[in-house]
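Here are the chains, one letter per residue:
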Amino acid sequence: MTTDPTPALLQVSGLRKTYRTGGAEVVAVDDLSFTLRPGAALGIVGESGSGKTTTARMLIGLERPDAGRILVQGEPLADFVRGRAARLARAKAVQIVFQDPYLSLDARMGIGATIDGALRLHGLRDPAARAARVRELLAQVGLGDREAAALPRHLSGGQRQRAAIARALAVEPAVLVLDEAVSALDVSVQAQVLNLLSDIRRDTGIGLVFVSHDLAVVRYVCDEALVLYRGRTLEHRPVAELLAAPRDPYTRLLLASVPRPGWDPDSISSRRRSLDPKGLPA
Amino acid sequence: MPLLEYDALGVTLPGTARPILDGIDLHVGAGEVVALVGESGSGKSVTARAALGLFPAGADITGQVRVAGTGLVGADAASLRDVRTNRAAMIYQDPRAALNPVRRVGDFLTEPLRLAHGWSRNRAAARAAELLAAVGLPDPGRHLNQYPHELSGGMLQRVVIAAALTTEPRLLLCDEPTTALDVSTQAEILAVLGRLQRERGLGLLLITHDIELAAAVSDRIHVMYAGRIVEAAPVADLFAAPRHPYTAGLLGSSPPLHGPLARLTPIPGAPMGLLESAPGCAFAPRCHFAEPGRCDQSPPPPERHGPAEVACHRTAELTAPAANAPAPAAFHASGKEDS
Ligand SMILES: Nc1ncnc2c1ncn2[C@@H]1O[C@H](COP(=O)(O)OP(=O)(O)OP(=O)(O)O)[C@@H](O)[C@H]1O
Ligand SMILES: Nc1ncnc2c1ncn2[C@@H]1O[C@H](COP(=O)(O)OP(=O)(O)O)[C@@H](O)[C@H]1O
Ligand code: SF4
Ligand SMILES: [Mg+2]
Ligand SMILES: [Mg+2]
């Protein structure tokens, strides 16, 4: 066996998660496996309910898989559970940014203070060093002293999302998971955040898992994409190949669904029906 | 006579620095799909609601908006009721918010027919089933007895569209009807709307922040910024040659699905809130081409440039192929990098 010179940031194998609702069992994620190398960015795409958020939640330990294994830099994620030190270690392993930035910011605190708190929690004792690091992190996402002092609700949506990204980067995680993190932003502001993500990729070795239903955005941020459909992986390939020559009929449908001039929603609608004749229209 | 016609509509709230809407001119004819595009807070929803005679409480209204000839500014209760129950219907972004979670889909659909039109229960139920079939729901009888939580977002949006059709309006006001849905479900909902528009000759005002979606399905696009329409043009023209720097900036902000992938050129900063104002062009603080002493003096009035109406002091020189003007290529990828 050859040894890999660069250990994978994330190694996910055979991940499965089922939910039981009203007597019925829903397989939210089924036999999901992938590897994320340092500096890589994996897009996870699929329609609503395909299992994207469930996957993201398992990757940060918010949800316990029914089967399968998540290794972060070779260590099982499941080991990072009990005790303060273990929780901090897990936070350093994987951080997440949600669609709603309020989930990772403290509504009663200036965003600078929130980031300062995260740094303190992770053992940066010297206040001057922390202040410098807060400024550096905010500068990295294009925010200055004025924004540092502001409460989250006094910032624009894009500034808030950039602050949430700075907060996630504060603990220098190995992997950053973004669940529809740019979907709610206005396009002009979304473009600012997308450029920020590509700068972060260029400047750090951080690995990204980027969940989105927008294929064009996935193309911009990621080098690989994984298509989920009802929890199952249909294809996992370099984005460029996937877009140029989608193999699975469902991937082709997903691509055809992206609006463009001359677009024919009628044909998409009937193709979707023929892929899933017994399914209800979504 | 257009189905829907805005005539210099202005809406101003006391205590704000700029109008919510300023000089809105727009019309939708029968069988036409007209898109209104802009970022959040630009005034799209206020514009749509005005077509039902709904204005923010306490606002000062100028100009007029007419539905099938009936003016809604200063309208009496009878004309408002007529427009809202017979002529126009609104479809909102979040179908779940439109339905009462503890009432069945059937009640939601039949109540307007029974209350406003005095139909019998059976006649209303038959009509409701017919409409559910028309929006592509396969099992109308069953859906009538279901509760909202038993249906997916896309199915619920079909129910909302069916409800909008109960009184056979000629005009559908669609306020971000697919923003909460994934792309393939979005395609399905637009297929339904497109079919209705063709088969019934409906006029559609489609409100969206997605300029690509607007381009894919509409005849004309109006681009809105800070309460004003900054550019209005037939779709093909607007895409091939945007004439307002904001339109060009929007187009340069979405990454392409195919073709070369250059770094995005975002419009710097953020849209202007109601408590901010600018003496000149509202876009000037974010505009790459703002010219001090000119753009910051007076708001640019809409002017005709070819097939488009554009409100920009510099459109003529920016889009001219003259040597001393910025190259069109540079203009079309406009916007300075955000700091
Ligand atoms: N806590 C839960 N209890 C029961 N079922 C759940 C739960 N969370 C998710 N599910 C189900 O698991 C499946 C996958 O859901 P998930 O949230 O991962 O989808 P998603 O791909 O993130 O969708 P979206 O694009 O709408 O965010 C769905 O069928 C969903 O209804
Ligand atoms: N009823 C209201 N009362 C006060 N302000 C309002 C009201 N409705 C909308 N506004 C304000 O008017 C502006 C335009 O809003 P809106 O039309 O909802 O924007 P859009 O739909 O383009 O996102 C926003 O600043 C919004 O906060
Ligand atoms: S008027 Fe001036 S500031 Fe406004 S869009 Fe045109 S060039 Fe830019
Ligand atoms: Mg999700
Ligand atoms: Mg709105």
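Every chain's residues receive numbers from 1 upward, in the order its sequence appears when written. Whichever chain is written first is A, and whichever ligand is written first is 1; the rest continue in order. Note on the predicted model: pLDDT of at least 70 is required for a residue's local features to be given, and 80 or more for side-chain atom pairs to be given and counted; whole-chain, interface and lining totals, by contrast, use all residues. Values shown for side chains rest on all heavy atoms present in the structure; no hydrogens or waters enter the calculation.

Attention now goes to the overall build of chain B. Looking only at helices and strands, chain B has 13 helices and 12 strands in total. Summarising its shape, the C-alpha atoms of chain B cover approximately 70 × 50 × 35 Å along the three principal directions. In what follows, residue pairs with any heavy atoms lying within 4.5 Å of each other are defined as contacts. Long-range pairs, those at least 24 residues apart, make up 65% of the contacts in chain B with a sequence separation of at least 6. Of the charged side chains in chain B, 29 are positive and 34 negative; the average position of the first set lies 6 Å away from that of the second. A helix here means a DSSP run of H or I that spans at least four residues, while a strand means a run of E at least two residues long, and both kinds are numbered starting from the N terminus. Asp and Glu count as negative and Lys and Arg as positive, but His and the ends of the chain are not part of the count. Charge positions are represented by NZ for Lys, CZ for Arg, CG for Asp and CD for Glu.

All names here are of chain B. DSSP-based pairing: two strands are paired if at least 2 bridges between them are found. Taken together, eight strands build an open sheet; the order of strands is β6-β7-β8-β3-β9-β10-β12-β11 and the sheet is mixed. With one partner strand each, in any of the chains shown, β6 (88–91) and β11 (303–305) form the two edges of the open sheet. On average, adjacent strands in this sheet sit at an angle of 20° to one another, irrespective of strand direction. In this structure, strand β3 (residues 33–37) lies alongside strand β9 (residues 220–225), joined through four bridges in parallel fashion. Fitted lines through C-alpha atoms give the axes, limited to the stretch in contact for helices. The angle between two N-to-C directions lies from 0 to 180 degrees.

Stacked, tilted and edge-to-face are the three classes applied to pairs of Phe, Tyr and Trp rings, where Trp contributes its six-membered ring and a pair requires centres within 6.5 Å; stacked means planes under 30 degrees apart, edge-to-face means over 60, and tilted covers the rest. One pass over the full model with this rule turns up four aromatic pairs over all chains. When the ring of tyrosine 229 of chain A is compared with that of tyrosine 250 of chain A, the centres are 4.3 Å apart and the planes differ by 40°; the resulting orientation is tilted. One end of the pair, tyrosine 229 of chain A, is in strand β9 (residues 224–229); the other, tyrosine 250 of chain A, is in helix α10 (residues 249–256), and 21 residues separate them in sequence. Think of it in three bands: with a 1.4 Å probe and only protein chains considered, a residue is buried below 20% of the maximum accessible area for its type, exposed above 50%, and partly exposed in between. When its relative accessible area of 4% is taken as the criterion, tyrosine 250 of chain A is described as buried. Within the aromatic cluster, the residues linked to one another by ring pairs are Tyr225, Tyr246 and Phe283 of chain B. We call a charge positioned over a ring when the NZ of a Lys or the CZ of an Arg lies within 6 Å of the ring centre and within 35 degrees of the ring normal. Over the face of the ring belonging to tryptophan 119 of chain B we find arginine 123 of chain B, whose NZ or CZ atom lies 3.6 Å from the ring centre.

By size, the foremost hydrophobic cluster in this structure holds 96 residues, and its most contacted members are Leu138, Ile165 and Phe210 of chain A together with Ile161, Leu172 and Leu193 of chain B. Counting 30 residues, the second-largest nonpolar core is a separate cluster that includes Leu4, Val11, Ile207 and Ala232 of chain B. Only buried Ala, Val, Leu, Ile, Met, Phe, Trp, Tyr and Cys residues count toward a nonpolar core, and they belong to the same one when joined by side-chain atoms within 4.5 Å.

Right, let's get into the sheet that holds strand β6 (residues 94–97) of chain A. Residues and elements named next belong to chain A. Reading across the sheet, the six strands line up as β6-β7-β8-β3-β9-β10 and stay open at both edges, with mixed pairing between neighbours. Pairing within the sheet leaves two strands with one partner each, and these edge strands are β6 and β10 (232–238). Taken pair by pair, the neighbouring strands of this sheet meet at an average axis angle of 15°, ignoring direction. Here four bridges tie β6 to strand β7 (residues 175–179), and the two strands are oriented parallel to one another. If you follow glutamine 95 over to β7, its bridge partner there is leucine 176. Contacts between helix α2 (residues 84–93) and the sheet are confined to β6 and β7, with β6 contributing the most and set at about 65° to the helix.

Our next topic: the interface of chain A and chain B. In this assembly, 40 residues from chain A lie in contact with 50 residues from chain B. Carbon and sulfur atoms supply 58% of the area that chain A and chain B bury against each other, a total of about 3,700 Å² over both sides. For salt bridges, the criterion is a side-chain nitrogen of Lys or Arg within 4 Å of an Asp or Glu carboxyl oxygen. Aspartate 199 of chain A is the salt-bridge partner of arginine 263 of chain B, the closest N and O atoms lying 3.1 Å from each other. In the analysis that follows, any N or O atom pair within 3.5 Å is treated as a polar contact, provided that within protein one partner can donate a hydrogen and the other can accept it, and provided that, for residues neighboring in sequence, both atoms belong to side chains. On inspection of chain A and its partner chain B, the count reaches 17 residue pairs in polar contact (both at pLDDT 80 or more). Mapped onto the side of chain A that touches chain B, the elements with two or more residues apiece are α7 (187–203), α8 (215–221), α10 and α11 (265–275) of chain A. What gets called buried area is simply the loss in accessible area from a 1.4 Å probe that two parts show on being joined, summed for both.

This next bit is on the domain arrangement of chain B. Residue and element names in this part refer to chain B. When cut into domains, chain B gives domain 1 (4–222) and domain 2 (251–332). For domain 1 and domain 2, the distance between their C-alpha centres works out to 31 Å. Listed per partner, the contact involves nine residues of domain 1 and 10 residues of domain 2. Carbon and sulfur atoms make up 61% of the surface buried where domain 1 meets domain 2, a total of about 780 Å² over both sides. The domain boundaries here were taken from an automatic or database domain assignment.

Another point: the side chain of arginine 286 of chain B. All names here are of chain B. Tracing the sequence through the fold places arginine 286 in the loop between α11 (245–251) and β11. Its relative accessible area of 4% is what places arginine 286 among the buried residues. There is a polar contact of 3.1 Å between the side chain of arginine 286 and the backbone oxygen of glycine 269.

Attention now goes to the pairing of strand β4 (residues 67–72) of chain A. Residues and elements named next belong to chain A. Pairing between strand β1 (residues 10–21) and β4: five bridges, direction antiparallel. The residue of β4 that forms the bridge with arginine 16 is alanine 67. Following β4, the chain reverses through two residues before pairing antiparallel with strand β5 (residues 75–76); glutamine 73 in that reversal takes a positive phi of roughly 45°.

What follows is about helix α7 (residues 153–165) of chain B. Helix span, expected: 1.5 Å multiplied by one less than the number of residues in the helix. Across its 13 residues, α7 of chain B extends 19 Å between first and last C-alpha, which sits within 8% of the 18 Å expected from 1.5 Å per residue. Those residues of α7 of chain B not exposed but buried are Gly154, Met155, Leu156, Gln157, Arg158, Val159, Val160, Ile161, Ala162, Ala163, Ala164 and Leu165 of chain B.

Here the focus is the domain arrangement of chain A. Residues and elements named next belong to chain A. Segmenting chain A into domains produces domain 1 (10–246) and domain 2 (248–282). Look at where the C-alpha atoms of domain 1 and domain 2 centre, and you get two points 29 Å apart. Taken together, the contacts link 13 residues of domain 1 with nine residues of domain 2. For the domain 1 and domain 2 pair, buried surface summed over both sides reaches about 1,000 Å², with 63% attributable to carbon and sulfur atoms. Sorting the residues of domain 1 by area buried against domain 2 places Glu47, Leu215 and Pro246 first, and these three jointly supply 43% of that buried surface. The salt bridge partner of glutamate 47 is arginine 272, with a shortest N-O separation of 2.8 Å. The interface formed by domain 1 and domain 2 contains five residue pairs in polar contact (both at pLDDT 80 or more). Every element with two or more residues in the side of domain 1 that touches domain 2 is listed here: β9, β10 and α9 (239–244). It is β9 that provides the largest number of residues to the side of domain 1 that touches domain 2, a total of three residues. Any residue outside Ala, Val, Leu, Ile, Met, Phe, Trp, Tyr, Cys, Pro, Asp, Glu, Lys and Arg is labelled polar, Gly included; the first ten of those are nonpolar and the last four are charged. Taken together, the residues of the side of domain 1 that touches domain 2 sort by class into nine nonpolar, one polar and three charged.

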